[in-house]
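# Structural features, examined
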Amino acid sequence: MVVGVLALQGSFNEHIAALRKLGVKGVEIRKPEQLEQVGSLIIPGGESTTMAKLAEYHNLFPALREFVKLGKPVWGTCAGLIFLANKAVGQKTGGQELVGGLDCTVHRNFFGSQIQSFETELSVPEITAKEGGPETFRGVFIRAPGILEVGPKVEVLADYSVPSGKLLDSVSALEAPQENAGSEKRVIVAVKQGNLLGTAFHPELTADTRWHSYFLKMTNEVRAEDASSKASSSISMAGGEDASSEEQLRTDLPIYQW
């Protein structure tokens, strides 16, 4: 298996190293045509505005949107999550272009500036159920986004309790995340929707490869579904051809009159 890693800026080398630990080759993607060589893609963390400008410069957005539209697995971490979101708020003046596909709204710098970066243990029941290991995962949040709301088809994989007093003014002014016991708000930090996976934190900056393994299983499942669909389509076409041939044979037989 070969997994593409968008290598415009950010922690793409760390993702490739994590994949290597799992025996999988990660290849750097910088041009639209390179996407044709891979069946899945990771969009890493980094500076989202810079990444967007570079993606626009290399004319990558149309190819990335088509990649998502085709149902190929894509995982976005931190800035990559922002890329995949259908809507982003809290952006710099002028905003930035998005790939979209993930039915959610993200706040670009929900957790604050670089000096407000932090690490915490996150409850990850889905990851534990599929990958084993501890019931928590060490989330590394670096000037991280937060997911403010999600659509009905989006599965929440992890959230984090934020004391109301620590919310940024720009966040408090927006529609608030789900409240918990009045003094805290739970903000969503990991989601899945079909072929798309998004995390506000950086699994690639830890030694725990369970999120990468989870994404690889997603990729295998999509490939299996595609193979099954193609096989069913081939059988259907073959059946249609057989029936057509039989009908043609009947038509071509001579008609005997007594």
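Presented here is a report on the structure given in the accompanying data block. All figures in this text were calculated on a predicted structure; none of them were measured in a lab.

### As for empty space enclosed by the protein
Under the defined criterion, the tally for this structure stands at one cavity of 30 Å³ or more. Of the pockets and cavities examined, the largest cavity occupies roughly 50 Å³. The residue makeup of the lining of the largest cavity, split by class, is two nonpolar, no polar and four charged.

### Overview of the packing of aromatic side chains
Remark: the centre distance and the inter-plane angle together describe each pair of aromatic rings, the angle taken between the planes. Under the counting rule described, the total for this entry stands at 14 aromatic pairs. Measuring from ring centre to ring centre gives 6.3 Å for Phe137 and Trp211, while their planes differ by 90°; the resulting arrangement is edge-to-face. Note that Phe137 is positioned in strand E8 (residues 136–141) and Trp211 in helix H7 (residues 210–252), a separation of 74 residues in sequence.

### Some thoughts on unusual backbone geometry
Phi is positive for Asn59, close to 55°, though the residue is something other than glycine. Its location among the elements puts Asn59 in the loop between helix H2 (48–57) and helix H3 (61–69). For Arg143, which is not glycine, the phi torsion reads 45° and is therefore positive.

### Topic: H2
Listed as buried for H2 are Ser48, Thr49, Met51, Ala52 and Ala55. Mapping the buried residues of H2 onto a view down its axis gives an arc of 160°, with all of them on the same face. Summarising the geometry of H2, the exposed residues directed more than 90 degrees from the buried face are Lys53 and Tyr57. Residues of H2 that are buried make contact with strand E3 (41–43), H3 and helix H4 (79–84).

### So, H3
Within H3, the full set of buried residues consists of Phe61, Ala63, Leu64, Phe67 and Val68. Projected down its long axis, H3 carries its buried residues within an arc of 165°, all on one side. Its buried side turned inward, H3 meets E3, H2, strand E4 (74–77), H4 and strand E13 (196–199). At the C-terminal side of H3, Gly71 shows a positive phi close to 85°.

### With respect to the nonpolar core
Counting 67 residues, the largest nonpolar core has Phe83, Val189 and Trp211 as the members making the most contacts within it. Not counting chain neighbours up to four residues away, the residues in contact with Trp211 comprise Trp75, Val124, Ile127, Phe137, Leu157, Ala190, Leu197, Thr199, Phe201 and Pro203.

### Some words on the environment of Lys130
Looking at where Lys130 falls in the secondary structure, it is placed in helix H5 (residues 125–131). Taking the C-alpha atoms as reference points, Lys130 and Trp211, separated by 81 residues in sequence, lie 10.0 Å from one another. Those residues in contact with Lys130 that sit more than four places away from it in its chain are Tyr214 and Lys217. A polar contact of 2.9 Å, which involves the side chain of Lys130, links it to the side chain of Glu126.

### Some points on the side chain of Thr49
With respect to the helices, strands and loops of the structure, Thr49 is situated in helix H2. A polar contact is formed between the side chain of Thr49 and the side chain of Arg108, at a distance of 3.2 Å.

### Points about the pattern of salt bridges
Applying the stated criterion across every chain, the model contains ten salt bridges. Arg30 is the partner of Glu28 in a salt bridge, and the nearest nitrogen-oxygen pair spans 2.6 Å. According to the relative accessible area criterion, Arg30 is partly exposed, its value standing at 34%. Through salt bridges that share partners, Glu47, Arg108 and Arg143 make up one connected network.

Rules behind the numbers
Think of each chain on its own: its residues are numbered from 1, step by step along the sequence as written. pLDDT decides what is reported in this predicted model: residues at 70 or higher carry local features, side-chain atom pairs at 80 or more are listed and counted, and totals for whole chains, interfaces and linings draw on all residues regardless. For the side-chain quantities, the full set of heavy atoms in the structure was used; hydrogens and water were omitted. The distinction between a cavity and a pocket rests on a 1 Å grid over the protein atoms alone: a 1.4 Å probe fits inside a cavity but cannot get out, while a pocket stays open yet meets protein on both sides within 12 Å along at least five of seven lines, and a residue with an atom within 4 Å of a point counts as lining. Grid points are joined across faces, edges and corners, and a volume is the space filled by probe spheres set on the points. Residues are grouped as follows: Ala, Val, Leu, Ile, Met, Phe, Trp, Tyr, Cys and Pro are nonpolar; Asp, Glu, Lys and Arg are charged; all remaining types, including Gly, are polar. Here a pair means two rings of Phe, Tyr or Trp (six-membered ring of Trp) with centres within 6.5 Å. Their orientation is stacked below 30 degrees between planes, edge-to-face above 60, and tilted elsewhere. The helix count covers DSSP runs of H or I at least four residues long, the strand count covers runs of E at least two residues long, and both are numbered beginning at the N terminus. The cut-offs for exposure are 20% and 50% of the maximum accessible area for each residue type, with area from a 1.4 Å probe on protein chains only; residues under the lower value are buried, those over the upper are exposed, and the others partly exposed. The directions from the helix axis to the C-beta atoms are what the arc is built from. Any two residues whose heavy atoms approach within 4.5 Å at even a single point are treated as in contact. The term nonpolar core refers to a set of buried residues drawn from Ala, Val, Leu, Ile, Met, Phe, Trp, Tyr and Cys, joined through side-chain atoms within 4.5 Å. Definition of a polar contact: a pair of N or O atoms within 3.5 Å, with one able to donate and the other able to accept a hydrogen when the atoms are protein atoms, and with sequence-neighbouring residues admitted only if both atoms are side-chain atoms. Salt bridge, as used here, is a side-chain nitrogen of Lys or Arg placed within 4 Å of a carboxyl oxygen of Asp or Glu.

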